[in-house]
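Here's the letter readout for the chains.
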Amino acid sequence: RVMGDGTIKNELAEKILPAEDGLSVEVTLKSGLTWSDGQPLTAEDVIFTYETKIAKENGASDTLWIGEKAVKVEKIDE
């Protein structure tokens, strides 16, 4: 989330590390995140949300592309 002063507040991410080559970003989720029903929020949930809600609903939106390649997400580990 972009705050009023322009700073960025990561709601779900503990850290975001761009690769040295600038071609990817590794996001580490905060620990202890849960849904409103108390179930844990997982990397699979984030991927599902991206793939079903963001990518499909926005199609070829500029925010979903880097250069000539569509943004893709994948789980690296737990």
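Keep in mind the model is a prediction, meaning the values are calculated, not measured. (Residues numbered from 1 in each chain as written. Predicted model: local features only at pLDDT ≥ 70, side-chain atom pairs only at ≥ 80, totals over all residues. Heavy atoms only, no water.)

Draft legend 1. Expanded view of the pattern of salt bridges. Applying the stated criterion to the full structure yields three salt bridges. In this structure, Lys 75 engages Glu 44 in a salt bridge whose closest nitrogen and oxygen atoms are separated by 2.5 Å. In this pair, Lys 75 sits in the segment after strand 4 (69-70) while Glu 44 sits in helix 1 (residues 43-58), placing the two residues 31 residues apart along the sequence. On the basis of relative accessible area, Glu 44 is assigned to the partly exposed category, the value being 39%. For Glu 78, the salt bridge goes to Lys 75, with nearest N and O atoms at 2.6 Å. Exposure remark for Lys 75: the relative accessible area of 29% places this residue in the partly exposed category. One network of salt bridges, in which partners are shared, links Glu 44, Lys 75 and Glu 78. (Salt bridge = Lys/Arg side-chain N within 4 Å of Asp/Glu carboxyl O. Helix = DSSP H or I, 4+ residues; strand = E, 2+ residues; numbered from the N terminus. Buried < 20%, exposed > 50% of the residue type's maximum accessible area, 1.4 Å probe, protein only.)

Draft legend 2. Representation of the pairing of strand 1 (residues 13-18) in the model. Examined bridge by bridge, strand 1 and strand 2 (residues 25-29) share five bridges and lie antiparallel to one another. In the sheet register, Ala 13 faces strand 2, and the bridge partner there is Leu 29. In sequence, strand 1 turns back onto strand 2 through a hairpin of six residues, with Gly 22 there showing a positive phi of about 75°. (Pairing = 2+ DSSP bridges.)

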